[in-house]
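# Descriptive structure summary
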Amino acid sequence: MAEEQQEKHGEFEREPVPVSKTKGLKAFVGMYAGEHCAGTELMIGPLFVAAGVSAFDVLGGLFLGNLLAVLSWMFLCAPIAVRARLTLYYQLEKICGRHLVTLYNLANGVMFCFLAGSMITVSATAIGVWFHFPMPGLGDLLPNSVGWVLAVLAVGAIISVVAAWGYDMVSKVANIAAPWMVLVFLGFGIIGLRQFIEVTGAQVNSLGSLWELCQTSIWKGGDPLPGQVKFTFWHVTFFAWFCNMAMHVGMSDLSVFRFAKKSWHSVASASGMYVGHFMAWLAASILYALQLHMDPSNTDVLPGPLAYRAAGVAGLICVIVAGWTTANPTIYRAGLAFQAIMPKVSRFRVTIFTGLLATLAGMFPAIAMRLLGFVAIYGLILMPMGAVVFTDFWIFPKLGLKQYYAEHKKIAINWAAAIAWIATLAICVGLVKTGKPQFQIFFVALPGWFIASALYIVVSKFTQKGTEA
Amino acid sequence: MKKVLEIISYLALALIVVAPSLFYAQKIDLAMNKLLMTSATVVWFATAIFWMGREKKEG
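Residues numbered from 1 in each chain as written. Chains lettered and ligands numbered in written order. Predicted model: local features only at pLDDT ≥ 70, side-chain atom pairs only at ≥ 80, totals over all residues.

This next bit is on the overall build of chain A. Helix and strand content of chain A: 19 helices and 0 strands. Its C-alpha radius of gyration of 22 Å places chain A within 12% of the 23 Å reference for a compact globule of 469 residues. Along the longest, intermediate and shortest principal axes, the C-alpha atoms of chain A span 75 × 45 × 40 Å. Here chain A holds 469 residues, and the buried ones make up 56% of them. (Helix = DSSP H or I, 4+ residues; strand = E, 2+ residues; numbered from the N terminus. Rg over C-alpha atoms; globule rule 2.2 N^0.38 Å. Buried ≥ 20, exposed ≤ 12 C-beta atoms within 10 Å, placed from the backbone.)

Right under this line is the structure:
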């Protein structure tokens, strides 16, 4: 079973995907819509409200940010994917060398663990509705009750064992759940809107009056809740653009679009962005705004109770399934990244270890409650390698520099790529530390991409001296 | 049989969004909305599992 799975998921790991195995647009539409309607959407929407967004800022920012994300897939990631038809890992190995890819895998695996941890946190909030133990509040960084720890442990243990044994089974459940989950999210929004109309006594009979309700009651703007960063139009735009930065600008989805017949098929990513990162975020944020409207002292961002109040048991199932089906492949991917470092340890053991690490992370609400910042850090850490791949593929031939330098020189570390990665992160952290608003963690990855590209070119000029292109 | 299950599945899926729409239009109350959404969820999973994602056998 495990070997069969490995074969299935490890197709064409070290060779280009043959044209006969490529897929059309339709194959990617469903994949993206399902993958980006996850448990974490139920945290992100409410956290926007906690960050004090206004109606125009959240709607306009999400529209623009998601558009930029789709364009990043279309013009940065997919054109390379359909030309090289290689996984990111293999392409990186050719550029950076085996040792540097190992370091990249470690960073990627750890990030995936934390992300899976926040998904476990989301699922555990549904357990709290049934067992009534104290759950963490918006400001909590540490676990606050034995019940919470046990709930996360139970959810995490089940997810880990299933990830290790039954990846295919969960993948089947995830496929079945995807269309249902999208509609439940839509339902959350419709129900929340009706409840808002009732509690405010607003008369909504036109688009104008609906907009009035949005501005005055749902996304009112103003100060953020204590401990949260104030979100403006640009924060929302950049967050929506960069929350999947590792996948588009960071090139992780080279592994996905190497199967695309045409580069423009990456427009399918719009299904994930506008269903998951537009509709689902807005729907979840409406439920949280309603909670705050009813009781301003209740600032807890707990997807379980939010969903239960709106849709009853169906809502709870949605929270559990959304967290479970997305945590599962995330743990699996983290396991793959770690296994690349320890190839002799069995896939089962690595996945169980990874799952337990994610479970431990999930016990600490700090990650879920600070998810907006964590997601920005996640993208930033992996982004420089995307810049390296882009520069190596398009710019190096024009400058007479050697592509796939590590493969060419048979070296384990391409120092130009290593310096571009580490120095970019150091510079970006330095920029964030200046405290200037334009260099907040949500924005700094944009100049970071240009810094990484420039560093890679400049250092390669030195390291490649005497090498023929 | 598979076709019948498919139709039932799609009806359940439609109910997931029809129930909140009826609640929005004030045709049903929240308790009824929750009941309909939960019932539709059970029906969707119980029926879709028999046909969704199953490849058609050739020959």
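Anyway, onward from the coordinates.
A few words now on the overall build of chain B. A tally of regular secondary structure across chain B gives 2 helices and 0 strands. Split into buried and exposed, the 59 residues of chain B put 29% on the buried side.

Our next topic: helix 13 (residues 303-341) of chain A. All names here are of chain A. End to end, helix 13 covers just 35 Å across 39 residues, shorter than the expected 57 Å (1.5 Å per residue, more than 12% under). Considering bend angle alone, the principal kink of helix 13 is centred on Ala 311 and spans about 145°. Most of helix 13 sits inside the fold, with 34 of its 39 residues counted as buried. (Expected span 1.5 Å × (residues − 1). Bend = angle between axes of the 7 residues up to and from the residue.)

In this structure, Arg 85 of chain A takes a positive phi of about 55° despite not being glycine. Tracing the chain through its elements places Arg 85 of chain A in the loop between helix 4 (55-84) and helix 5 (88-96).

Okay, the interface of chain A and chain B next. Interface size is commonly expressed as the accessible surface area that is lost when the partners come together. Taken residue by residue, the interface counts 18 residues in chain A and 18 residues in chain B. Counting residues per element, the ones that place at least two in the side of chain A that touches chain B are helix 8 (167-200) and helix 13 of chain A. Counting residues per element, the side of chain A that touches chain B draws most heavily on helix 8 of chain A, at 13 residues. The class makeup of the residues in the side of chain A that touches chain B is 13 nonpolar, 3 polar and 2 charged. (Contact = placed C-beta atoms within 7 Å. Nonpolar A, V, L, I, M, F, W, Y, C, P; charged D, E, K, R; others polar.)

Okay, the environment of Ala 240 of chain A next. All names here are of chain A. Its location among the elements puts Ala 240 in helix 10 (residues 233-242). A count of 24 C-beta atoms within 10 Å places Ala 240 in the buried class. Sequence spacing of Ala 240 and Phe 278 is 38 residues, and the spatial spacing of their C-alpha atoms is 8.8 Å. Excluding its chain neighbours within four sequence positions, the residues that come into contact with Ala 240 are Gly 61, Leu 62, Gly 65, Asn 66, Ala 69 and His 277.

This brings us to the confidence of the model for chain B. For chain B, the average pLDDT comes to 90, and 90% of its residues sit at 70 or higher. Both scores are available for the predicted complex, with the pTM at 0.91 and the ipTM at 0.93. (pLDDT = per-residue confidence, 0-100.)

Moving on: the packing of helix 2 (residues 25-35) of chain A against helix 12 (residues 269-294) of chain A. Residues and elements named next belong to chain A. Orientation of helix 2 relative to helix 12, taken along the N-to-C sense of each, is 30°, at an axis distance of 7 Å. Our classification of the angle between helix 2 and helix 12 gives roughly parallel. Of the two elements, helix 2 crosses helix 12, and the hand of that crossing is right-handed. Across the interface between the two elements, Val 29, Tyr 32, Ala 33 and Glu 35 of helix 2 pack against Ser 269, Ser 271, Gly 272 and Val 275 of helix 12. (Axes fitted to C-alpha atoms, helices over the stretch in contact; angles between N-to-C directions. Parallel < 35°, antiparallel > 145°, perpendicular 65-115°, else oblique. Left-handed = near helix turned anticlockwise from the far one by under 90°.)

Of note, Ile 395 of chain A is situated in helix 16 (residues 371-399). Residue classification places Ile 395 of chain A among the partly exposed residues on the basis of 15 C-beta atoms within 10 Å.

Our next topic: the packing of helix 18 (residues 415-433) of chain A against helix 19 (residues 445-463) of chain A. All names here are of chain A. At their nearest, the axes of helix 18 and helix 19 sit 8 Å apart, and the two run at 145° to each other. When you trace helix 18 past helix 19, the crossing you get is right-handed. Listed contacts from helix 19 to Trp 415, Ala 416, Ala 417, Ile 419, Ala 420, Ala 423, Thr 424, Ile 427 and Cys 428 of helix 18 are Gly 448, Ile 451, Ala 452, Leu 455, Tyr 456, Val 459, Ser 460 and Thr 463. Grouping the amino acids of the contact of helix 18 with helix 19 by side-chain chemistry returns 13 nonpolar, 4 polar and no charged.

A word on the nonpolar core. Residue and element names in this part refer to chain A. Counting 184 residues, the largest nonpolar core has Phe 48, Ala 116, Met 181, Val 184, Phe 188 and Ala 307 as the members making the most contacts within it. In terms of residues, this core owes the most to one element, helix 13, which gives 21 residues. With residues near it in sequence (within four places) discarded, Phe 188 still touches Ala 283, Ala 284, Leu 287, Ala 307, Ala 310 and Ala 311. (Core = buried A, V, L, I, M, F, W, Y, C linked by C-beta atoms within 7 Å.)

Averaged over every residue, the pLDDT of chain A is 90; residues scoring 70 or more account for 97%. Across residues 1-9 of chain A, where pLDDT falls below 50, the model places 5 contacts with residues more than four positions away in sequence or in other chains.

All names here are of chain A. Within the fold, Ala 334 resides in helix 13. Between the C-alpha atom of Ala 334 and that of Val 110, which follows or precedes it by 224 residues, the distance is 7.1 Å. In this structure, Ala 334 is in contact with Gly 109, Phe 112, Cys 113, Ala 116 and Thr 354, ignoring residues within four places of it in sequence.

A few words on helix 10 of chain A. Residue and element names in this part refer to chain A. When you tally the buried positions in helix 10, you get 8 out of 10 residues, the bulk of the element. Along helix 10, the residues classified as buried are His 235, Val 236, Thr 237, Phe 238, Phe 239, Ala 240, Trp 241 and Phe 242. Those residues of helix 10 that are buried are in contact with helix 3 (41-50), helix 4, helix 12, helix 16 and helix 19.

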